[in-house]
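Coordinates in review
The primary structure of each chain is shown beneath.
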Amino acid sequence: MEGTRGVNSTRRYPVPWDLVAGLAPHIGKGTRQRVDEFTAAVVRRIQPPPRVEGLENLPVSPRFVLAANHFQRKGLWILFPAAVLTQAVRRRYGPGEPPVRWIVTANWPPLTIGRWRLPSPGDWLLPRVAHALWCYDVPFSGSDPARTARNLRRLLRDARTMDRPIGIFPEGVAGTAGALNPPLPGVDRLLAHLARQGLPAQPAGIRETDALVVRFGKPVPPGELLRAPGPALLVMERIAELV
């Protein structure tokens with residue numbers, strides 16, 4: 001799953017700082033942004049317009065796990081591909097807030113000042129940004145096991161009645177444009193738990209050609225996920241076929 005392909009490194013996508021700054025009131029008050037509106041505004045900034053392929057492969061029911069490669073590089077923040085995926089789901093299933101409940105797996109290392117190690121400001125900021133955008137804050141890296149366990153329990157509880165996809169980039173922030181990496185530890189168990197609740201995994205491959213391209217493949221049924229020695233690796237293999 002290694003090698004550089006499907007990358008147009010000459011194209012730049014300016015960070016929509018005004019939209020990001022618009023999250024500040026929600027972060028401060030603990031309220032939530034309308035994700036449909038926010039991601040639609042992000043997608044409108046992408047030039048040339050992104051292309052979505054294989055939309056017909058999405059399941060009839062919106063209860064599934066949307067899994068895609070973490071396509072990020074200098075000049076292309078992961079927010080852009082995530083917004084394209086979110087709006088593709090919105091297009092397929094119609095209005096619903098939020099269109100996708102994303103899992104945020106990122107965490108920041110502690111700050112080192114001489115002999116002192118201080119918690120990163122991201123430890124305070126990330127959960128609040130995740131809440132504002134209806135995301136689940138799950139640091140699979142083991143940096144905060146209690147928070148991970150608490151938020152996974154909430155996710156699994158919500159999944160019983162959720163009528164929208166749960167989105168994840170299985171590689172986490174280690175994933176880069178043009179190269180696929182192994183899934184994060186813990187994603188296997190999560191996919192298995194969700195498969196037991198009847199949720200298939202929907203692979204999506206992200207790449208660049210003349211535009212940013214999202215391509216959906218066939219969903220992986222729950223039974224196939226549960227029979228696989230590694231459900232997350234199986235999903236990454238299906239993603240590899242799409243990029």
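My aim in this report is to walk through the structure given alongside it, one point at a time. The structure presented is a predicted model; accordingly, all values stated were derived computationally and were not measured. (Residues numbered from 1 in each chain as written. Predicted model: local features only at pLDDT ≥ 70, side-chain atom pairs only at ≥ 80, totals over all residues. Heavy atoms only, no water.)

**With respect to a positive patch on the surface**
There is a patch of like positive charges on the surface, built from Arg-150, Arg-153, Arg-157 and Arg-160. Topologically, Arg-160 is positioned in the loop between α6 (145-159) and β7 (166-168). A residue is classified by how much of its surface remains accessible, and Arg-160, at 59% relative accessible area, is exposed. (Patch = residues over 30% accessible without salt bridge, like charges linked within 9 Å, V, L, I, M, F, W, Y side chains within 5 Å. Areas by Shrake-Rupley, 256 points an atom, 1.4 Å probe, with all protein chains shown as cover. Salt bridge = Lys/Arg side-chain N within 4 Å of Asp/Glu carboxyl O. Lys, Arg positive; Asp, Glu negative; His and termini not counted. Charge placed at Lys NZ, Arg CZ, Asp CG, Glu CD. Helix = DSSP H or I, 4+ residues; strand = E, 2+ residues; numbered from the N terminus. Buried < 20%, exposed > 50% of the residue type's maximum accessible area, 1.4 Å probe, protein only.)

**Quick word on helix α9 (residues 231-240)**
For α9, the full list of buried residues reads Pro-231, Ala-232, Leu-234, Val-235, Met-236 and Ile-239. Summarising the contacts, the buried residues of α9 are in contact with β2 (65-68), α7 (187-196), β8 (201-208) and α8 (222-227). (Contact = heavy atoms within 4.5 Å.)

**Section: the packing of α6 against α7**
At a closest axis distance of 10 Å, the pairing of α6 and α7 adopts a crossing angle of 25 degrees. Classified by the angle their axes make, α6 and α7 are roughly parallel. Taken as a pair, α6 and α7 cross one another with a handedness that is right-handed. Where α6 abuts α7, its residues Leu-152, Leu-155, Leu-156 and Ala-159 lie against Leu-190, His-193 and Leu-194. Considered class by class, the residues forming the contact of α6 with α7 number six nonpolar, one polar and no charged. (Axes fitted to C-alpha atoms, helices over the stretch in contact; angles between N-to-C directions. Parallel < 35°, antiparallel > 145°, perpendicular 65-115°, else oblique. Left-handed = near helix turned anticlockwise from the far one by under 90°. Nonpolar A, V, L, I, M, F, W, Y, C, P; charged D, E, K, R; others polar.)

**A few points about the environment of Ile-78**
Checked against the element boundaries, Ile-78 lands in the loop between β2 and α4 (79-93). Judged by relative accessible area, which is 14%, Ile-78 ranks as buried. Between the alpha carbons of Ile-78 and Pro-48 there is a distance of 17 Å; along the sequence they are 30 residues apart.

**As for the pairing of β8**
Burial within β8 is extensive, with eight of its eight residues counted as buried. Alternating residues of β8 divide into Ala-201, Pro-203, Gly-205 and Arg-207 and Gln-202, Ala-204, Ile-206 and Glu-208, and every residue in both groups is buried. Here β2 runs beside β8; their pairing, made up of four bridges, is parallel. Residue Ala-67 lies in a different strand from β8, and its bridge partner there is Pro-203. Across five bridges, β8 lies against strand β9 (residues 212-216) in antiparallel orientation. Following the sheet pairing, Gly-205 is matched in β9 by Arg-215. (Pairing = 2+ DSSP bridges.)

**Side note on the side chain of Thr-86**
Mapping Thr-86 onto the fold places it in helix α4. For Thr-86, the side chain forms a polar contact with the main-chain oxygen of Ala-82, separated by 2.8 Å. Aside from chain neighbours lying at most four places away, what touches Thr-86 is Val-35, Thr-39, Pro-99, Val-100 and Trp-102. (Polar contact = N/O pair within 3.5 Å; in protein donor to acceptor, adjacent residues only side chain to side chain.)

**Some words on the packing of helix α3 (residues 35-44) against α4**
Remark: α3 packs on α4, axes separated minimally by 8 Å, with the N-to-C direction vectors making an angle of 120 degrees. Here α3 lies oblique to α4, going by the angle between them. Where α3 crosses over α4, the two elements pack in a sense that is left-handed. Here Val-35, Asp-36, Phe-38, Thr-39, Ala-40, Val-42 and Val-43 of α3 come into contact with α4, specifically with Leu-79, Phe-80, Ala-83, Val-84, Thr-86, Gln-87 and Arg-90. Partitioned by chemical class, the residues of the contact of α3 with α4 number nine nonpolar, three polar and two charged.

**Points about the layout of surface pockets**
Looking at the largest pocket, its volume works out to about 880 Å³. The wall of the largest pocket is formed by 31 residues, among which Trp-77, Ile-78, Val-104, Leu-126 and Val-129 lie closest to the centre. Mapped by element, the contributors of at least two residues to the lining of the largest pocket are α1 (17-21), α3, α4, β3 (101-104) and α5 (122-132). Residue classes in the lining of the largest pocket are distributed as 25 nonpolar, six polar and no charged. (1 Å grid on protein atoms, 1.4 Å probe; cavity = no way out; pocket = protein on both sides within 12 Å on 5 of 7 lines; lining within 4 Å. Points joined across faces, edges and corners; volume = space filled by probe spheres on them.)

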